[in-house]
Amino acid sequence: MKKRLIAILAYSLFWVAFFIFARLFFIATHYREAFQFGAGTLAATFVHGIKLDISATSYILILPLLLMIPGVYFSGSWFKSFLKWYTYLIIIISAIITVSDSLLYKYWGFRMDYTALQYLSTPKEAAASVTLLQMASVTIAVILISVLFIIIYNRSVNRLLNGFERVRLWFPAVLFFLLLFGSLIIPIRGGVGIAPINSGTVYFSDDIFINHTAVNVTWNVGSSVFNRKPAENPYIFGGHEEAVKMVDSLTVKGGEIVKVLNNPRPNILFIVLESFGSALVGPLGGDSLTTPNLNRYVN
């Protein structure tokens, strides 16, 4: 039981360390922007960004902790083998996201999200927008980061997974891991509040680059994938001809105008923003700096 707890703690610290490294990598690859700020400001990005780092780590812990529950009945190296390949896969995916984000940020000006994944459906067009040198640099950086953290994992966490024996007091062990598994919801949501954590939670500066530096890009991509809006209109309830008739009926002039307000000039303000996503509106969970005046109206 004690070995299992130590291994889970070490595994959690391993991923927090990976995400701290990813933030350092982002700062190093954008040193011209980053070094305009003092060491204290850059250090604050790690303090504020730790919320998303812990949340991302908790997501990664879901499957290992879930397998820990029935694992109290078994001994052997099955859990060690599973966790090794599971970790290798996430390391490689996270390394790809970390390095790709660093390149894309120079052109897009925001941290990588599901938008970049849409270009995978047209790989030729996506490849045409980058140079061979950039592609080679990204590939080499992904390989180096992946190999580095695979080595770190094998020399630290992997060694702690040896000798897992069947737990004699299985009932309290199962109960404990059930509670531990259920408690992941707290760091995943970023606390016990009503609103879940979002990328804007780690914003603390008046400068958007510093706020972006605090964002955990692996968490950001994962969150945007699971919370993305459908590509097709999900609210189609009739045929095209029926829809056309309905719209045409709304524009036909004639009949009596029905007034629903007594005041002929009511104090009502309509704000229509075409192609303006919620990611740019602070109260909707987006960037709190893009629309400060609109934010005051929303509040």
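Residues numbered from 1 in each chain as written. Predicted model: local features only at pLDDT ≥ 70, side-chain atom pairs only at ≥ 80, totals over all residues. Heavy atoms only, no water.

(A) Spotlight on the overall build of the protein. The number of helices and strands found in the protein is 13 helices and zero strands. Helices and strands in the protein line up, N terminus first, as α-α-α-α-α-α-α-α-α-α-α-α-α. A compact globule built from 299 residues would reach a C-alpha radius of gyration of about 19 Å, whereas the protein, at 25 Å, exceeds it by more than 25%. Expressed along its principal axes, the backbone C-alpha trace of the protein runs to roughly 85 × 50 × 40 Å. Taking the intrachain contacts of the protein between residues at least 6 apart in sequence as the baseline, contacts between residues at least 24 apart amount to 75%. Summing over all exposed atoms, the protein offers an accessible surface of approximately 19300 Å²; the carbon and sulfur share of this is 66%. Of the side-chain charges in the protein, 23 are positive and 15 negative, and the distance between the mean point of each set is 16 Å. (Helix = DSSP H or I, 4+ residues; strand = E, 2+ residues; numbered from the N terminus. Rg over C-alpha atoms; globule rule 2.2 N^0.38 Å. Contact = heavy atoms within 4.5 Å. Areas by Shrake-Rupley, 256 points an atom, 1.4 Å probe, with all protein chains shown as cover. Lys, Arg positive; Asp, Glu negative; His and termini not counted. Charge placed at Lys NZ, Arg CZ, Asp CG, Glu CD.)

(B) A look at the pattern of salt bridges. Counted under the stated rule, the structure contains two salt bridges. The shortest N-O distance in the salt bridge between Asp53 and Arg23 comes to 2.9 Å. With Asp53 in helix α3 (residues 39-71) and Arg23 in helix α1 (residues 2-29), the pair connects residues that are 30 residues apart, well separated along the chain. (Salt bridge = Lys/Arg side-chain N within 4 Å of Asp/Glu carboxyl O.)

(C) Spotlight on the nonpolar core. One finds Tyr11, Trp15 and Tyr153 to be the most contacted residues of the largest nonpolar core, which totals 48 residues. For this core, the elements supplying multiple residues, two or more each, are α1, α3, α4 (78-108), α7 (132-155) and α8 (170-182). Not counting chain neighbours up to four residues away, the residues in contact with Trp15 comprise Thr57, Ile60, Thr87, Ile90, Ile91 and Ser94. Of all hydrophobic cores here, the second largest spans seven residues; its members include Ile27, Leu42, Tyr105 and Ile210. (Core = buried A, V, L, I, M, F, W, Y, C linked by side-chain atoms within 4.5 Å. Buried < 20%, exposed > 50% of the residue type's maximum accessible area, 1.4 Å probe, protein only.)

(D) Representation of a nonpolar patch on the surface. A surface patch of nonpolar side chains, amounting to about 720 Å² of accessible area, comprises Tyr73, Phe74, Trp78, Trp170, Phe171, Leu175 and Leu179. Examining the composition of the nonpolar patch, we find that four residues originate from one element, α8, more than from any other. With respect to the helices and strands, the residue Leu175 is situated in helix α8. (Patch = residues over 30% accessible without salt bridge, like charges linked within 9 Å, V, L, I, M, F, W, Y side chains within 5 Å.)

(E) Quick peek at the packing of α1 against α3. For the pair α1 and α3, the least separation of the axes is 8 Å and the interaxial angle reads 145°. The two elements α1 and α3 meet at a crossing, and its hand is right-handed. Taken together, the residues that form the contact of α1 with α3 break down as 17 nonpolar, five polar and three charged. (Axes fitted to C-alpha atoms, helices over the stretch in contact; angles between N-to-C directions. Left-handed = near helix turned anticlockwise from the far one by under 90°. Nonpolar A, V, L, I, M, F, W, Y, C, P; charged D, E, K, R; others polar.)

(F) Layout of the packing of aromatic side chains. With the rule as written, the count across this model stands at 22 aromatic pairs. Between Phe14 and Trp15 the ring centres are 5.3 Å apart and the planes differ by 80°, which places this aromatic pair in the edge-to-face class. For the residue pair Phe14 and Trp15, the accessibility class agrees, reading buried in each case. Relative to Phe35, the ring of Tyr31 has its centre 6.3 Å away and its plane inclined at 50°; by these criteria the two rings are tilted. With a relative accessible area of 59%, Phe35 lands in the exposed category. Ring pairing ties together the aromatic residues Tyr11, Phe14, Trp15, Phe18, Phe19, Phe21, Trp85, Tyr88, Phe149 and Tyr153, which thus form one cluster. (Phe/Tyr/Trp six-rings, centres within 6.5 Å; stacked < 30°, edge-to-face > 60°.)

(G) Quick look at the side chain of Arg4. Inspection of the secondary structure puts Arg4 in helix α1. With residues up to four places along the chain from it excluded, the contact list for Arg4 reads Met68, Gly71, Val72, Phe74, Phe164, Glu165, Val167 and Phe177.

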